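What the coordinates show
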Amino acid sequence: EAMGMLVFGGLTLALARDGIVALRPDATLALRWLALSALVFGVLWVMHAELGGVALPLAGLLVVWPAMRAQPAFLNLAVLLVISAMIAAELGGAGSGLTNRDLLELVLQIAGFTVLAQLLNAVSLERRRMLERERELARTDVLTSLANERALREALASGGDAILLVLRVEGMTGIADLLGATAAEDVEQILARELRKKFAGALVARLDRGRFAVFPLAHSLQEAQGLVQALYAELDGRVFTGDTEQVALRPTMAVLMARDNDADRILLASELALAVAVAHTGQRIEVAADTQDLTQARKALLRRQEEVKAALSEKRFVLY
C-alpha cells in the first residue's frame, strides 16, 4: 500500500489538480522518452537480459532523464511506466519461482527509483525556478517593476515593423532637487503605473531616470500620432506637489518606426528624435517615418546651433 501511494500518488495529484494539461509542457520530451524506452526494453527483451544486470542501470537512466528535465506530472508517469516494465520483466523471468527475497529486492528497487527521481526532480525544478527568476530580474527595472532596456532591446530585435514611443520627462534632476529624491521616485512610479495601464498590450519599459518606452505602440504612424498626442496632453503641465514645492511636467516624445530589428540603431535614432523634439516650439513631439530623416534633421539642428554661436561671437544679432 505504501509503494502504491509512492508510485501513484504524485501522478494522481498532478492530474487531479491540472488535468491532462499537466502533461502538455513535456509533450516533445514525452515522445522522445517513449521512443527511447521502447527501444531499450525491446532490446532487453530480445536479449533476455536479467533485471539486476544490464537492465537495472538502463531503467535507472530512463528515470533520471525526465527527473532532470520534466515537470512532476510526466515524471510520475515515466516512473510508473518504468516500474511496470520492471515488474513485468521480473514476473515474466521468474514465473512461479518468485521468492519473498526476490519480491523484497524488487520493492526496494522500485522504492529507490521513485525516491531518487522525486529528489532529482525537486532539485532540478528549484534550480530552473531560480534561473528563471534571475533572468526575469535581469529584464526588470528595480524602481518601477517595468521592463528595462535589456528587455526592450530583445523586443526590438524580434518585434518586426512596429512603432516605438520614447518618452522623456525633462528636468528630473531639478524635480529631485525641489521635491526630494523619494518624491521624484514616486513621480516615476506613478507614471509607470499609468503607462502600464494605458498600454496594457505592449511592452512598457523604463530606460533611465525619467525616460520610458512603449513597444509596440501601434503598427502605423497615423494610429500612433493620435495616441501620442493624447498622452502628451495628459502629461504636459501636470503638477506634482511635495511638502513645500510643486513642479510641472515637461514631456518630450519621439515616435519612430522600428523596421530592421537592429536595437542599437533604433535606440540611437530615438535619441536623435528626442534631441530634435526638445527644440520644437509647442508640442515637443517628433514623429519620424524614416530614421534617415532623423539624421538629416539632427545635422540641421547642429548646424543651426553653430550658426547661432558664430553670430553671437560676430555680434550679428539685432534686438527688435
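So, a few notes on the structure that sits alongside this text. (Residues numbered from 1 in each chain as written. Predicted model: local features only at pLDDT ≥ 70, side-chain atom pairs only at ≥ 80, totals over all residues. Heavy atoms only, no water.)

Right, let's get into the overall build of the chain. From N to C terminus, the chain includes 11 helices and seven strands. In terms of C-alpha radius of gyration, the chain reaches 32 Å, well past the compact-globule figure of 20 Å for 320 residues. Principal axes of the C-alpha set define a box for the chain whose edges measure 115 × 45 × 35 Å. Put simply, the chain has 320 residues, and 37% of those count as buried. When the accessible surface of the chain is split by element, carbon and sulfur atoms take 58% of a total near 18,500 Å². Each charge class in the chain was averaged separately, 33 positive and 37 negative side chains, and the resulting centres sit 4 Å apart. (Helix = DSSP H or I, 4+ residues; strand = E, 2+ residues; numbered from the N terminus. Rg over C-alpha atoms; globule rule 2.2 N^0.38 Å. Buried < 20%, exposed > 50% of the residue type's maximum accessible area, 1.4 Å probe, protein only. Areas by Shrake-Rupley, 256 points an atom, 1.4 Å probe, with all protein chains shown as cover. Lys, Arg positive; Asp, Glu negative; His and termini not counted. Charge placed at Lys NZ, Arg CZ, Asp CG, Glu CD.)

Moving on, we come to the environment of Arg168. Among the structural elements, Arg168 can be located in strand β1 (residues 162-169). Counting along the chain gives 42 residues from Arg168 to Gly210, while the straight-line C-alpha distance between them is 5.6 Å. Not counting the four nearest positions on each side in its chain, Arg168 is found in contact with Gly210, Arg211, Arg250, Pro251, Thr252, Leu274 and Val278. For Arg168, the side chain forms a polar contact with the side chain of Glu170, separated by 3.0 Å. (Contact = heavy atoms within 4.5 Å. Polar contact = N/O pair within 3.5 Å; in protein donor to acceptor, adjacent residues only side chain to side chain.)

Any two side chains of opposite charge can pair, given that their charged atoms come close. Scanning the model with the defined rule gives 14 salt bridges in all. When the shortest N-O distance is used, the salt bridge between Glu149 and Arg153 registers 3.0 Å. You can see Glu149 and its partner Arg153 sitting in helix α6 (residues 149-158), four residues apart, about one turn around the helix. Judged by relative accessible area, which is 27%, Glu149 ranks as partly exposed. In this structure Arg153 comes out as partly exposed when scored by relative accessible area, which is 29%. Its salt-bridge partner being Asp236, residue Arg284 comes within 3.6 Å of it at the nearest N-O pair. In this pair, Arg284 is assigned in the loop between α10 (263-277) and β7 (285-288) and Asp236 in the loop between α9 (221-235) and β4 (239-241), connecting sequence segments 48 residues apart. For Arg284, a relative accessible area of 10% corresponds to the buried category. (Salt bridge = Lys/Arg side-chain N within 4 Å of Asp/Glu carboxyl O.)

The next thing to look at is the nonpolar core. By size, the foremost hydrophobic cluster in this structure holds 32 residues, and its most contacted members are Leu165, Ile175, Leu217 and Met253. Elements that contribute at least two residues to this core include exactly β1, α7 (172-179), α8 (181-198), β3 (211-215), α9 and β6 (251-258). With 28 residues, the next largest nonpolar core counts Ala30, Leu62, Val63 and Ala117 among its residues. (Core = buried A, V, L, I, M, F, W, Y, C linked by side-chain atoms within 4.5 Å.)

One turn of the α-helix equals 3.6 residues, which is why residues spaced by three or four share an orientation. For α6, the complete set of buried residues consists of Ala151, Leu152, Ala155 and Leu156. Take α6 and look down its axis: the buried residues cluster within an arc of 135°, on one side only. Here the buried face of α6 lies against β1, β2 (203-208), β3, β6 and α10. Measuring from the backbone nitrogen of Arg150 back to the side-chain oxygen at the start of α6 gives 3.2 Å, which picks out Asn148 as the cap. One or two steps after α6, the chain reaches Gly160, where phi turns positive at roughly 75°. (Arc of directions from axis to C-beta.)

Our focus in this paragraph is α9. Here α9 contains 15 residues, and its C-alpha end-to-end distance of 21 Å stays within 8% of the 21 Å for a straight helix at 1.5 Å per residue. Buried-residue contacts for α9 involve β1, α8, β6 and β7. (Expected span 1.5 Å × (residues − 1).)

Looking now at the side chain of Glu188. Relative to the helices and strands, Glu188 resides in helix α8. Judged by its relative accessible area of 3%, Glu188 is buried. Side-chain polar atoms of Glu188 contact the backbone nitrogen of Gly210, separated by 2.9 Å. The residues touching Glu188, leaving out its near neighbours within four places in the chain, are Leu143, Thr144, Met172, Arg206, Asp208, Arg209, Gly210 and Phe212.

In this section: the packing of α6 against α10. Between α6 and α10, whose axes approach to 9 Å, the crossing angle comes to 115°. One element, α6, and the other, α10, form an angle in the roughly perpendicular class. Considering only the axes of α6 and α10, their crossing is right-handed. Residues Glu149, Leu152, Arg153 and Leu156 of α6 form the contact with α10, whose participating residues are Ala263, Asp264, Ile266 and Leu267. (Axes fitted to C-alpha atoms, helices over the stretch in contact; angles between N-to-C directions. Parallel < 35°, antiparallel > 145°, perpendicular 65-115°, else oblique. Left-handed = near helix turned anticlockwise from the far one by under 90°.)

The next thing to look at is the sheet that holds β1. The five strands lie next to each other as β2-β3-β1-β6-β7, forming an open sheet whose pairing is mixed. Here the strands that pair on one side only, and so sit at the sheet edges, are β2 and β7. Strand-to-strand twist across the sheet, computed as the mean angle between neighbouring axes with direction ignored, equals 15°. Relative to β3, β1 runs antiparallel, the two sharing four bridges. Along β3, the bridge assignment pairs Leu165 with Val214. On the sheet, α10 packs against β1, β3, β6 and β7 and is oriented at approximately 140° with respect to β6. (Pairing = 2+ DSSP bridges.)

Keep in mind that these numbers describe shape and distance, not what the molecule does.
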